[in-house]
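# Fold and contact review
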Amino acid sequence: MLKLEYDKKEIEDVIDRIVHKTMNMDLTWDWPCGVAYYGVSEAYEKTGKEEYLKLLKDRVDELIDLGLPKVWTVNACAMGHCLITLYEATGEQRYWDIVMSKIHYIQHDALRFGDHVLQHTVSANNDFPEQAWADTLFMAAFFLLRVGVKLKDEDMIEDALNQWYWHIKYLQNPGNGLYYHGYNNITKDHMSGIYWGRANAWAAYTMSQVGGRLPECYLYPKYMDVAGSLNEQLAALKVLQTENGLWKTVVNDPESYEEVSASAGIAAAMLERGNPLHSKYINKSIKGLLANVSEDGKVMNVSGGTAIMKDIDGYRNISRDWIQGWGQGLALAFFSKLLVSDQIEKDGAL
């Protein structure tokens, strides 16, 4: 088992501060809100605090009443995560109806290329023709898997696993285990070829979730690629952790700044994976992440929204001065899981 060192009361307090700060943000129906509210959902599920559910429900109800986007995108599907939680907690059908409208979009309307791989989209336009981004794994593939498991829909499950399978093939460097930010299927390259921190977090965190959420995961051949990819990636990332318990915004670049959303996602993946050899890295992350939460619950040093930049300087110069939904959400995912870390038991064979 993991051997972790933390104060439960301190973690509960930091979760409470982050939740309240997050719910005070003016987030609208898109991926920053989706990641943030996934974190709030995790906080509710792991702490059982009804207050968090009420805050989430009141805000999502307000957003629904104001009007949903007319067109879904891959990124906007991230909002589906909190809708699953709201439906399971309240039984209100309207949440599930929106979930299924997002699923319909993914299955029938979302742009794809190659072997049915989802193209990353952020608007109704063909933003990035035949490009695979690691972000899609959280926004759509993970969401698709959750719904597929809930409905026991094998086609949906296989589609989700297929997304991981091909994103692994397109984005992971088999030579070093790290993930590129994106892949262009037209030019057959990784564009600027950068190992972006948050891309590695999207990949690691979502892959770490599959085994625990998919019953009898070992019966799905593509899951073996997910498990193998994650094991190699985490082995590569652990040696790139800084002395402060964090990871850089370009994970293998000494000149890049430490970036907290990537660090939270990577540490959460290690926590979820449950490999006892990662205990010392997780313990360093606990200290590093706690040091980056302000008294009022702002998760600090989180890089702004980042396209696939032209070169490494583009990544080095992305601002980290402002509060971001994805920083709040990934930090909550880590701290919330930490509260129940004594329940983590993994099969070392997978």
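As the structure is a prediction and not an experimental result, all values here were calculated from the model.

What counts and how
- Residues numbered from 1 in each chain as written.
- Predicted model: local features only at pLDDT ≥ 70, side-chain atom pairs only at ≥ 80, totals over all residues.
- Heavy atoms only, no water.
- Helix = DSSP H or I, 4+ residues; strand = E, 2+ residues; numbered from the N terminus.
- Buried < 20%, exposed > 50% of the residue type's maximum accessible area, 1.4 Å probe, protein only.
- Polar contact = N/O pair within 3.5 Å; in protein donor to acceptor, adjacent residues only side chain to side chain.
- Contact = heavy atoms within 4.5 Å.
- Phe/Tyr/Trp six-rings, centres within 6.5 Å; stacked < 30°, edge-to-face > 60°.
- Lys NZ or Arg CZ within 6 Å of the ring centre and 35° of its normal.
- Core = buried A, V, L, I, M, F, W, Y, C linked by side-chain atoms within 4.5 Å.
- Salt bridge = Lys/Arg side-chain N within 4 Å of Asp/Glu carboxyl O.
- Patch = residues over 30% accessible without salt bridge, like charges linked within 9 Å, V, L, I, M, F, W, Y side chains within 5 Å.
- Areas by Shrake-Rupley, 256 points an atom, 1.4 Å probe, with all protein chains shown as cover.
- Axes fitted to C-alpha atoms, helices over the stretch in contact; angles between N-to-C directions.
- Parallel < 35°, antiparallel > 145°, perpendicular 65-115°, else oblique.
- Left-handed = near helix turned anticlockwise from the far one by under 90°.
- Nonpolar A, V, L, I, M, F, W, Y, C, P; charged D, E, K, R; others polar.

With respect to the secondary-structure elements, Glu272 resides in helix H10 (residues 260-273). By relative accessible area, which is 10% here, Glu272 ends up buried. Among the polar contacts listed, one links the side chain of Glu272 to the side chain of Gln209, at a separation of 3.2 Å.

In this section: the side chain of Ser229. If you trace the backbone, Ser229 turns up in helix H9 (residues 221-238). A polar side-chain atom of Ser229 sits 2.6 Å from a polar atom in the side chain of Tyr179. Those residues in contact with Ser229, other than ones at most four positions away along the chain, are Ile168, Gln172, Tyr179 and Met207.

Secondary-structure assignment places Ala269 in helix H10. Of the residues examined, Ala269 reaches a relative accessible area of 0% and is grouped as buried. Spatially, the C-alpha atom of Ala269 lies 9.7 Å from that of Ala333, the residues being 64 residues apart in sequence. Those residues in contact with Ala269, other than ones at most four positions away along the chain, are Ala204, Tyr205, Ser208 and Leu234.

Okay, the packing of aromatic side chains next. Within this structure, the stated rule accounts for 17 aromatic pairs. Look at Phe142 and Tyr205: their rings are 6.4 Å apart centre to centre, the planes differ by 80 degrees, and that puts the pair in the edge-to-face class. Of this pair, Phe142 sits in helix H6 (residues 135-151) while Tyr205 sits in helix H8 (residues 197-213), and the two are 63 residues apart along the sequence. Taken individually, Phe142 and Tyr205 each receive the classification buried, so the pair is uniform in this respect. Ring centres 4.5 Å apart and planes at 5 degrees place the aromatic pair Tyr170 and Tyr183 in the stacked group. Of this pair, Tyr170 sits in helix H7 (residues 154-171) while Tyr183 sits in strand S4 (residues 182-184); the two residues are 13 residues apart in sequence, bridging distant segments of the chain. Here Tyr183 falls in the buried class, since its relative accessible area comes to 10%. Connected via pairs of aromatic rings, a cluster forms that spans Tyr38, Phe138, Phe142, Trp202 and Tyr205. When the ring centre of Trp72 is taken as reference, the NZ or CZ atom of Lys102 above it lies at 3.6 Å. The ring of Phe142 is capped by Arg146, whose NZ or CZ atom sits 5.9 Å from the centre of that ring.

Moving on: the nonpolar core. Core analysis: the largest hydrophobic core is formed by 126 residues, its most contacted members being Ile15, Tyr37, Val60, Trp164, Trp202, Phe334 and Phe335. Considering every element that reaches this core, the biggest residue donor is H6, with 10 residues. For Ile15, the contacting residues outside a window of four places in its chain are Ala43, Tyr52, Leu332, Phe335, Ser336 and Leu339.

Another aspect to go through is the pattern of salt bridges. When the charged atoms of two side chains lie near each other, side chains of opposite charge can form a pair. Inspection of every chain in the model, using the stated rule, returns 20 salt bridges. Here Asp296 makes a salt bridge to Lys21, at a shortest N to O gap of 2.9 Å. With Asp296 in the loop between helix H11 (279-290) and helix H12 (312-316) and Lys21 in helix H1 (residues 8-23), this residue pair connects regions lying 275 residues apart in the sequence. For Lys49, the salt bridge identified is with Glu51, shortest N-O distance 3.9 Å. In this structure, a network of salt bridges that share partners links the residues Lys57, Asp61, Asp65, Glu92 and Arg94.

Moving on to a nonpolar patch on the surface. A cluster of nonpolar side chains, Tyr218, Leu219 and Met224, forms an exposed patch at the surface whose accessible area comes to about 310 Å². With respect to the helices, strands and loops of the structure, Met224 is situated in helix H9.

One non-glycine residue with positive phi stands out, namely Glu130, at about 50 degrees. Here Glu130 shows up in the loop between strand S2 (117-118) and strand S3 (131-133).

At a minimum axis separation of 8 Å, H8 and H10 run at an interaxial angle of 25 degrees. With respect to each other, H8 and H10 are oriented roughly parallel. Where H8 crosses over H10, the handedness of that crossing is left-handed. Together, Gly197, Arg198, Asn200, Ala201, Ala204, Tyr205, Ser208 and Gln209 of H8 and Ser261, Ala262, Gly265, Ile266, Ala268, Ala269 and Glu272 of H10 make up the contact between the two elements. Residues belonging to the contact of H8 with H10 are distributed by class as follows: 7 nonpolar, 6 polar and 2 charged.

What follows deals with the environment of Gly34. Topologically, Gly34 is positioned in helix H2 (residues 31-47). Discounting chain neighbours no more than four positions away, the residues touching Gly34 are Ala78 and Met79.

This part covers the packing of H6 against H7. How two helices sit against one another is set out by the angle between their axes and by the gap between those axes. Put simply, H6 and H7 touch, their axes get as near as 7 Å, and they point 150 degrees apart. Here H6 is positioned roughly antiparallel relative to H7, judged by the angle of their axes. The chirality of how H6 crosses H7 is left-handed. Contacts between H6 and H7 involve Thr136, Leu137, Ala141, Phe142, Leu144, Leu145, Val147, Gly148, Val149 and Leu151 on the former and, on the latter, Met156, Ile157, Asp159, Ala160, Gln163, Trp164 and His167.

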